[in-house]
Amino acid sequence: MTTLDATRAELALLVLYLNKAEARDKICRAIQYGSKFLSNGEPGTASNVDKSTSLARKVFRLFKFVNDLHALISPLPEGTPLPIVVLGKSKNALISTFLFLDQIVWLGRTGIYKNKERADLIGRISLFCWMGSSVCSSLVELAELGRLSSSMKKIGKDLKSSEKYQNEEYKAKLKQSNARTLALVKSSLDVLVAVGLLQLAPKKVTPRVTGALGFTTSLISCYQLLPSPVKSKTT
């Protein structure tokens, strides 16, 4: 593969990545929370960028609640323990409710929905739903990591320490474990972001802390959405 071919392949992956609505949303989210970090809640250019980007993201998410509504009624893989099923479905229900209510918040901020007090109340309820979904997601990831750990130990018992990293099943489960660990970090930090947005601990989770945490989880989301790299062929 020549340098030009490699460049074309990388640009094709970038185009594929940027064509995803979810990827664009997470890039905007990084801008939003980066601006929140810079503004620290004070009025100015960074604060204006934060507010305008937040409003733009709500347009990206119009009718997105249908995705989690579909996940809510979809069956889980056989053998999934009941507690994980309940937590997973609770997460779907909460995030779907958050996204639905967020549309009303958008209507309020654009002036279409005139009742500002009710729109603000709905906004707080939606954030509590998002915080609840992040808590459920964290618990699901913890439980799934426990299941993966037990499964990896069983595989490791029959293999030598050096051999297990050559075992395809072990490597696949290790990859899953790493992905779930990253998802756990993201969902745990998102709980704190929600605490900051709701101002439940204003002295500890300040706008700057909220911005820093939100920017971090946005970068994690952007990384999770990256397409698989193209493998170069040697001739």
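Heads up: the structure comes first, above all this text.
None of the values given here were measured: they were computed from a predicted structure.

*Asks:* Describe a nonpolar patch on the surface, and please don't skip the residues or the numbers.
*Replies:* A cluster of nonpolar residues, Leu11, Leu14, Leu18, Ile27 and Ile31, forms a patch on the protein surface that exposes about 400 Å² of accessible area. Elements represented by at least two residues in the nonpolar patch include exactly α1 (3–18) and α2 (21–39). Among the elements that line the nonpolar patch, the one with the most residues is α1, at three residues. Note on placement: leucine 11 falls in helix α1.

*Asks:* Tell me what's going on with the side chain of glutamine 103, and back it up with residues and numbers.
*Replies:* Mapped onto the fold, glutamine 103 is located in helix α5 (residues 82–110). Other than its neighbours up to four places away in sequence, glutamine 103 contacts Arg61, Leu62, Phe63 and Phe65.

*Asks:* Can you break down the nonpolar core residue by residue, with the values?
*Replies:* Within the largest apolar cluster, 17 residues are counted, with the highest numbers of intra-cluster contacts made by Ile95, Phe98, Leu99, Trp130, Met131 and Val193. Counting residues per element, the ones that place at least two in this core are α5, α6 (116–157) and α7 (168–198).

*Asks:* So, α7: which residues are in play, and what are the values?
*Replies:* The first and last C-alpha atoms of α7 sit 45 Å apart over 31 residues, in line with the 45 Å expected at 1.5 Å per residue. In the segment just after α7, glutamine 199 is the residue with positive phi, at about 55°.

*Asks:* Could you give an account of the packing of α7 against helix α8 (residues 207–224), naming the residues involved and the relevant values?
*Replies:* Interaxial distance between α7 and α8 falls to 9 Å at its minimum, and their mutual angle equals 145°. In the packing of α7 onto α8, the handedness of the crossing is left-handed. Contact residues: Leu182, Ala183, Val185, Lys186, Leu189, Asp190, Leu192, Val193, Gly196 and Leu197 in α7; Thr210, Leu213, Gly214, Thr216, Thr217, Ile220, Ser221, Tyr223 and Gln224 in α8. Across the contact of α7 with α8, the residue classes tally to ten nonpolar, seven polar and two charged.

*Asks:* Please set out the packing of α2 against helix α3 (residues 45–60) residue by residue, giving values where relevant.
*Replies:* As a packed pair, α2 and α3 sit with axes 8 Å apart at the nearest point and diverge in direction by 155°. In terms of axis orientation, α2 runs roughly antiparallel to α3. The element α2 and its partner α3 pack so that their crossing is left-handed. Within the contact between the two elements, α2 uses Arg24, Asp25, Cys28, Arg29, Ile31, Gln32, Ser35, Lys36, Leu38 and Ser39 and α3 uses Ala46, Ser47, Val49, Asp50, Thr53, Ser54, Arg57 and Phe60. Within the contact of α2 with α3, the residues separate by chemical class into six nonpolar, six polar and six charged.

*Asks:* Tell me about the layout of surface pockets, residues and numbers included.
*Replies:* Estimated volume of the second largest pocket: approximately 280 Å³. Considering the residues around the second largest pocket, the lining is formed by 14 residues, among which Leu76, Ile84, Val140, Glu144 and Arg180 are closest to the centre. Every element with two or more residues in the lining of the second largest pocket is listed here: α5 and α6. Its residues placed into classes, the lining of the second largest pocket shows five nonpolar, three polar and six charged.

*Asks:* Tell me what's going on with α2, and back it up with residues and numbers.
*Replies:* Its 19 residues give α2 an end-to-end C-alpha distance of 27 Å, which sits within 8% of 27 Å, the value for a rise of 1.5 Å per residue. All of the buried residues along α2 are Ala23, Asp25, Lys26, Cys28, Arg29, Ala30, Gln32, Tyr33, Gly34, Ser35, Lys36 and Ser39. Summarising the contacts, the buried residues of α2 are in contact with α1, α3, α6, α7 and α8. The first or second residue beyond α2 is asparagine 40, which carries a positive phi of 55°.

*Asks:* With reference to specific residues and values, describe the state of the cysteines.
*Replies:* By the definition in use, this model includes zero disulfides. Not part of a disulfide, cysteine 28 finds its nearest cysteine sulfur in cysteine 222, a span of 9.5 Å. When its relative accessible area of 18% is taken as the criterion, cysteine 28 is described as buried. Left unpaired, cysteine 129 is separated from the closest cysteine sulfur, that of cysteine 136, by 11 Å. When its relative accessible area of 11% is taken as the criterion, cysteine 129 is described as buried.

So, how was this worked out
Residues numbered from 1 in each chain as written. Predicted model: local features only at pLDDT ≥ 70, side-chain atom pairs only at ≥ 80, totals over all residues. Heavy atoms only, no water. Patch = residues over 30% accessible without salt bridge, like charges linked within 9 Å, V, L, I, M, F, W, Y side chains within 5 Å. Areas by Shrake-Rupley, 256 points an atom, 1.4 Å probe, with all protein chains shown as cover. Salt bridge = Lys/Arg side-chain N within 4 Å of Asp/Glu carboxyl O. Helix = DSSP H or I, 4+ residues; strand = E, 2+ residues; numbered from the N terminus. Contact = heavy atoms within 4.5 Å. Core = buried A, V, L, I, M, F, W, Y, C linked by side-chain atoms within 4.5 Å. Buried < 20%, exposed > 50% of the residue type's maximum accessible area, 1.4 Å probe, protein only. Expected span 1.5 Å × (residues − 1). Axes fitted to C-alpha atoms, helices over the stretch in contact; angles between N-to-C directions. Left-handed = near helix turned anticlockwise from the far one by under 90°. Nonpolar A, V, L, I, M, F, W, Y, C, P; charged D, E, K, R; others polar. Parallel < 35°, antiparallel > 145°, perpendicular 65-115°, else oblique. 1 Å grid on protein atoms, 1.4 Å probe; cavity = no way out; pocket = protein on both sides within 12 Å on 5 of 7 lines; lining within 4 Å. Points joined across faces, edges and corners; volume = space filled by probe spheres on them. Disulfide = S-S within 2.5 Å.

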